[in-house]
Each structure stands twice: as C-alpha cells, then as structure tokens.
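Chain by chain, the residues run as shown.
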Amino acid sequence: ATRAMLRAFSRRTFCSSRHLSTLVLAEHEGGSLKPQSFSAIKAASSLGENNHVSMLLAGSGSSLQQAAAHAASCHPSISQVLLADSDRFIHSLAEPWAKLVHLVQQKGRYSHIVAASSSFGKNILPRAAALLDVSPITDVTGISESRLFVRPIYAGNALCTVRYTGSVPCMLTVRPASFPVESMSADSKSNAAPVEHVDLSSFGEDGVGKSRYISQSSQVSERPDLGNARVVITGGRALKNADNFKLIEKLAERLGAAVGATRAAVDAGFVPNDLQVGQTGKIVAPELYMAFGVSGAIQHLAGMRDSKVIVAVNKDSDAPIFQVADYGLVGDLFDVIPELLEKLPEK
Ligand code: FAD
C-alpha cells in the first residue's frame, strides 16, 4: 500500500508541468557545444512549460570553460549549466560519465534526463539509466506530453507512441534529425545562465571503468557534417570502387552537400564507415537527399526516409528506392552524374 501511495504521489508530482526539471547531457568540442546538443535542448524545452532545464558538461581545461560560456548563453531555455571539471571526463567514457549522471541526479532530482541519440548519448544514457534503475526510452522522434513520446520501430516502418510509466527520472535519447535547430550561436541570449561546479568529492575511485581510452581518429573535411547537412548525396554499391566514388564527392562539393554511403559501399571499402546512412549508420533528414545506385533496402531507408525531398537515380526501374523517392530517374549514374556536373555552375 505504501509503495502504491508513493507511486501515485510520484506520478502526480511528475505530471504537473510545474515540477518539470530536465538535465541535458551535452557534448562539446573545441570550446563549443556540438549541434546535436542543441537538438537535445530543443527536445527538453518541448517537454512542457515551466521546465527548468539544466545542462551538464564535463571535461577539463580551457575548452570546457569556453564550452560552458557557450552553453550558458546559447539558449533562453537553459536555466543553469553544471560543470564537472576533471581529467576523468576528457574522453567521454561511459563508466565515469554514467556515474557522474547518477551523482548529479541524486542532488538535482530531475524529472527528465535527455541526451541526443549520438554515439555519446547512446553510450552513456543506458548505463546511467541502469545505475538509476529506470528504463530509458531511446530514439525519440516526437514529444506529445512530458511522458508521451513517439519513436520508430521495425527499422522506421512503424511509429510507436510510448507512455512512460516508470519512476523518476524519465530518461530519453532524442534523434537530432527530428529536433532540427537552425542556428544557435552564443549570445542569442542576453543573460547568461549561472554556471555551477559539480562537487566531485564523493565521486570515489577512478577504478569504475571497464573501458579505457586508446585513441581517436576523425576525418577532417570541409564538407558539412552528415548528421546536420541540408543536402546529402549518397552513393551505393553501383559505384563499383573508391575511385568512382569520387564522382559522388565531386557532386557533393558542387552542391555544398555532405556525402553518404550505403552499407554495401562501406563494406566494399569505397568510403569509411562514418559515412554510412541507415539502421546501423547515421539517421539523416536533410532538405534534399540524392541517392545514386542505391537499391533502397529497408535498412537503408531507415536512415533517410524522413528526408524532405528524395531524388533517386537507378538503372533498375523496379528498385525499391523509387517507392520513397519524390523524383526518380531511371538511368546510369555514370552518365547522369557527369551530365549534372556539366550543367551545375562551379561553386
Ligand atoms: P545494392 O542493393 O547492391 O544496390 C545497388 C543498386 O544500384 C541496384 O538497385 C542497381 O540497380 C543499381 N545500379 C547498379 N549499377 C548502376 C548504375 N550504373 N547506375 C545506376 N544504378 C545502378 N544498409 C545500409 O545502407 N545502411 C545500413 O545502416 C544498413 N544496416 C543493415 C543492418 C542489417 C542488420 C542488415 C542485415 C543489413 C543492413 N544494411 C544496411 C544492408 C542492406 O540490407 C543492403 O544490403 C544495402 O543497403 C545495399 O546497398 P546498395 O543499395 O548500395 O547495394
């Protein structure tokens, strides 16, 4: 009976929008917040009115301080920035971060904890949820109420509306493509939110980790980031080799677009796997998605079907990609791309 009473009480407290308080787990790089964290803020602010949104940033050194200043002034919804300044958070390993979230939740008693469905969020949030003994809701694409969410299932072929009935906190990862943010530069807000340091004195030993940082390698590219690009040009297995794939890159350059690839193209070694779009790759929803020599397998569609306009070029008029395409051209990409390059103006 006591448990039922407590449950009813927690539900009542939780449902009242006056008691919403959200912790956003943020990623930063080079002194700025990453774009996906802006999407997490946007999702947090749509949970309800009177939501007290705090942002948790961790790391160390001047880059963390700059990111904190950026976070504090980037969005009117941010009420507070919490800063965990320690070397143990430099590489965003899941174990110390999850322990940090647990520690911060003990003090803050947030009703919600939100992170973007990026590698960072997918790595940390479920582990933190396990420590807090709640079930996370992942890959949220829509928020109807503070406890009612939409998420895709069956590789994006159906949308499922989920009501969270667990205890506080309600933990979510949200798809950045579903919470697009035009631009959020620092100083879009005149009053900076207060920055508070997290007391790490009870954090305990570092020996929580089952993982160890070894190295990071990233592609340096002038092209827009695949996850946030307005235009994405994708190539499939039909490109045949890495050399031919340069045709896709050339077209992307001409259009100021990001390059994407199917898993078949990645597995064949044409491009690195961070360009993979799909169920096991990146989820994108650009304004324009152009697919060349892509069959349109269900696992690929799961990553791009929410694009605003889809253009497909394929030799086979029965290719499934044409079922989701707004504009389709039955043709050979080795004829079509050079023709496009010829007709498009130089950048
Ligand atoms: P194909 O299916 O071989 O299609 C090539 C297409 O090119 C064909 O339609 C052909 O008609 C056309 N073509 C050939 N030559 C030309 C030409 N000269 N000009 C024009 N068109 C031409 N795939 C993903 O993409 N992303 C994922 O995240 C992903 N995750 C997966 C997860 C699981 C668990 C599994 C089982 C599979 C996953 N796949 C994923 C793989 C997926 O099932 C397909 O195998 C893959 O998407 C096919 O890639 P493709 O379209 O490049 O190749």
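Residues numbered from 1 in each chain as written. Predicted model: local features only at pLDDT ≥ 70, side-chain atom pairs only at ≥ 80, totals over all residues. Heavy atoms only, no water.

Participant: Can you help me understand the overall build of the protein in this one?
Facilitator: On a plain count of helices and strands, the protein comes out with 10 helices and 17 strands. Its C-alpha radius of gyration of 22 Å places the protein within 12% of the 20 Å reference for a compact globule of 347 residues. Seen through its principal axes, the protein has C-alpha atoms that stretch 70 × 45 × 40 Å. The buried share of the protein, taken over its 347 residues, is 46%. The contacts of the protein with a sequence gap of at least 6 include a subset with a gap of at least 24, amounting to 68%. (Helix = DSSP H or I, 4+ residues; strand = E, 2+ residues; numbered from the N terminus. Rg over C-alpha atoms; globule rule 2.2 N^0.38 Å. Buried < 20%, exposed > 50% of the residue type's maximum accessible area, 1.4 Å probe, protein only. Contact = heavy atoms within 4.5 Å.)

Participant: Quick question: what am I supposed to make of the site of the ligand here?
Facilitator: Close to the ligand lie 25 residues, the nearest being Arg237, Thr262, Thr280, Ser295 and Asn314. Between the ligand and the protein, one listed contact pairs an oxygen atom with a backbone N or O atom of glycine 281 at 3.4 Å. Between the ligand and the protein, one listed contact pairs an oxygen atom with a side-chain N or O atom of serine 295 at 2.7 Å. For the ligand, whose free accessible area comes to 990 Å², the fraction covered by protein is 76%. Counting only elements with at least two residues in the shell around the ligand, the list comes to helix 7 (263-267), helix 8 (298-301) and helix 10 (333-343). Considered class by class, the residues forming the shell around the ligand number 7 nonpolar, 13 polar and 5 charged. (Near = heavy atom within 4 Å. Polar contact = N/O pair within 3.5 Å; in protein donor to acceptor, adjacent residues only side chain to side chain. Areas by Shrake-Rupley, 256 points an atom, 1.4 Å probe, with all protein chains shown as cover. Nonpolar A, V, L, I, M, F, W, Y, C, P; charged D, E, K, R; others polar.)

Participant: Please explain unusual backbone geometry as it appears in this structure.
Facilitator: With the exception of glycine, most residues fall at negative phi, and the peptide bonds are largely trans. For the bond from valine 168 to proline 169, the omega torsion is 5°, close enough to zero to count as cis. Take proline 169: it is sitting in the loop between strand 10 (158-163) and strand 11 (170-174). Positive phi, normally seen in glycine, also occurs at aspartate 139, with a value near 55°. In this fold, aspartate 139 is placed in strand 7 (residues 137-140).

Participant: Could you clarify how one ought to interpret the packing of aromatic side chains in this entry?
Facilitator: Given two aromatic rings, one states the distance between the centres and the angle between the planes to describe the pair. Tallied over the entire structure, the rule returns 3 aromatic pairs. Taking the centre distance of 5.6 Å and the plane angle of 85° together, the rings of phenylalanine 89 and phenylalanine 203 count as edge-to-face. Here the residue phenylalanine 89 occupies a position in the loop between strand 5 (78-85) and helix 4 (94-108), and phenylalanine 203 occupies one in the loop between strand 12 (195-197) and strand 13 (231-235), the gap between them amounting to 114 residues. Above the ring of phenylalanine 203, the side-chain terminus of lysine 99 is found at 4.6 Å from the ring centroid. (Phe/Tyr/Trp six-rings, centres within 6.5 Å; stacked < 30°, edge-to-face > 60°. Lys NZ or Arg CZ within 6 Å of the ring centre and 35° of its normal.)

Participant: Is there a simple way to explain the side chain of serine 21 in this structure?
Facilitator: Looking at the secondary structure, you find serine 21 in strand 1 (residues 21-25). Of the residues examined, serine 21 reaches a relative accessible area of 14% and is grouped as buried. Those residues within four positions of serine 21 in sequence are excluded, and the remaining contacts are Asn51, His52, Arg109, Tyr110, Ser111 and His112.

Participant: In this structure, what is going on with the sheet that holds strand 10? I would like to understand it.
Facilitator: Strands pair in a sheet through their backbones, by hydrogen bonds, and they do so in one of two ways: parallel or antiparallel. A sheet is described by the order of its strands in space; here 3 strands give the open sequence 8-9-10, paired in antiparallel fashion. With partners counted over all chains shown, the strands left at the sheet margins are strand 8 (142-145) and strand 10, one partner each. In this sheet, adjacent strand axes meet at a mean angle of 30° when their direction is disregarded. (Pairing = 2+ DSSP bridges. Axes fitted to C-alpha atoms, helices over the stretch in contact; angles between N-to-C directions.)

Participant: What exactly am I supposed to notice about the packing of helix 4 against helix 5 (residues 119-132) here?
Facilitator: Each pair of packed helices can be described by the angle between their axes along with the distance between the axes. It is at 8 Å that the axes of helix 4 and helix 5 come closest, and there the two elements cross at 50°. As judged from the angle between their axes, helix 4 and helix 5 are oblique. Pair helix 4 / helix 5 crosses with right-handed handedness. For the pair helix 4 and helix 5, contact is made by Ala94, Glu95, Trp97, Ala98, Lys99, Val101, His102, Gln105 and Gln106 and by Phe120, Asn123, Ile124, Arg127, Ala128, Leu131 and Leu132, respectively. (Parallel < 35°, antiparallel > 145°, perpendicular 65-115°, else oblique. Left-handed = near helix turned anticlockwise from the far one by under 90°.)

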